[in-house]
Amino acid sequence: LSPAILCLQEYLSDGHNKWSKLSSRYTSTLSTHNDFSCEILTRHKIIRHGEIDSLPRYNAVWADLRINDDTVRVINLHLHSTSIRKDDSQFIQQHQYIYDTERDAKLRSIVTRLRDNNINRSRQVNIVKAFIESSPIEKIIVCGDFNDTPMSYVYRRMSRHLNDAFKECGRGYGYTFRPLHGILRID
């Protein structure tokens, strides 16, 4: 497997041998500092690249690539996490809320985090969509960890005027998030 474009989220450029092997085969948007961020690696020529204004590098990078005689803008993003932790998933999956005397506080905490982080992702997707709509490049590929389902505002807003690769090429039931019985496609 040797993809022409590789978008990574939560990429830590720690100089580990496997990453140096990977980066030796690709041109990258990676800057000189070590960080935990989004990266675009490609076999195509990078004409220019940068970060989406108003979002930290951790969240969104872009690159204009020369592909044959065309220019394609690739956007790689990582929207705000749901902040659902492993213990939250276990609490729900194992039905601990039925017997737990502290269940109201735990459930309220989970719901509050979900609500607050949905608001954060909604703000972020609006920034990304404004960036896409102002792009001088017509051909755009958006990759990322959206941390939201296909039924969400974030998905509907992001997918407007774009094609969903899973809908175009996927089959059957797809998921990208294994906890909660592997029922969520959030990327």
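Each remark here, short or long, concerns the structure printed above.
In this report, we go over the structure that sits alongside the text. (Residues numbered from 1 in each chain as written. Predicted model: local features only at pLDDT ≥ 70, side-chain atom pairs only at ≥ 80, totals over all residues. Heavy atoms only, no water.)

Moving on, we get to the nonpolar core. With 15 residues, the main nonpolar core has Ile 52, Ile 75, Leu 77, Val 128, Ile 132 and Met 158 as its most contacted residues. Contributing elements (two or more residues each) for this core: strand S5 (60-67), strand S6 (70-78), helix H3 (103-133) and helix H4 (153-159). Counting residues per element, this core draws most heavily on H3, which supplies four residues. Filtering out sequence-adjacent residues up to four positions away, Met 158 remains in contact with Leu 77, Val 125, Val 128, Lys 129, Ile 132, Val 142 and Phe 146. In this structure, Cys 38, Val 61, Ala 63 and Val 72 belong to the second largest nonpolar core, which totals ten residues. (Core = buried A, V, L, I, M, F, W, Y, C linked by side-chain atoms within 4.5 Å. Buried < 20%, exposed > 50% of the residue type's maximum accessible area, 1.4 Å probe, protein only. Helix = DSSP H or I, 4+ residues; strand = E, 2+ residues; numbered from the N terminus. Contact = heavy atoms within 4.5 Å.)

Whenever strands of a sheet pair, they do so through backbone hydrogen bonds, lying parallel or antiparallel. Pairing is mixed across the open sheet formed by four strands, whose spatial order is S4-S5-S6-S7. The outermost strands of the open sheet, each flanked by one partner alone, are strand S4 (45-51) and strand S7 (140-145). For this sheet, the mean angle separating the axes of adjacent strands, direction not counted, is 20°. Sheet analysis places S4 next to S5, joined by six bridges and oriented antiparallel. By the bridge assignment for S5, Lys 45 is matched with Arg 66. (Pairing = 2+ DSSP bridges. Axes fitted to C-alpha atoms, helices over the stretch in contact; angles between N-to-C directions.)

Another aspect to go through is the packing of aromatic side chains. For the coordinates displayed, the defined rule picks out one aromatic pair. With a centroid separation of 6.0 Å and 45° between ring planes, the pair formed by Trp 62 and Phe 131 is classed as tilted. With Trp 62 in strand S5 and Phe 131 in helix H3, this pair connects stretches of sequence that are 69 residues apart. The exposure class assigned to Phe 131 is buried, which follows from its relative accessible area of 16%. Between Arg 73 and the ring centre of Trp 62, over which it is positioned, the NZ or CZ distance is 4.4 Å. (Phe/Tyr/Trp six-rings, centres within 6.5 Å; stacked < 30°, edge-to-face > 60°. Lys NZ or Arg CZ within 6 Å of the ring centre and 35° of its normal.)

Moving on, we get to the state of the cysteines. A full pass over the atoms with the stated rule returns zero disulfides. Unpaired in this structure, Cys 7 has its nearest cysteine sulfur neighbour in Cys 143, at a distance of 3.7 Å. By relative accessible area, Cys 7 is classed as buried at 18%. (Disulfide = S-S within 2.5 Å.)

Another point: the environment of Val 74. Its place among the elements puts Val 74 in strand S6. You can call Val 74 buried: its relative accessible area is 0%. Each C-alpha atom of the pair Val 74 and Ala 63 lies 5.3 Å from the other, and the pair is eleven residues apart in sequence. Setting aside anything within four residues of it in sequence, one finds Val 74 in contact with Ile 5, Cys 7, Ile 40, Val 61, Trp 62, Ala 63, Leu 65 and Ile 141.

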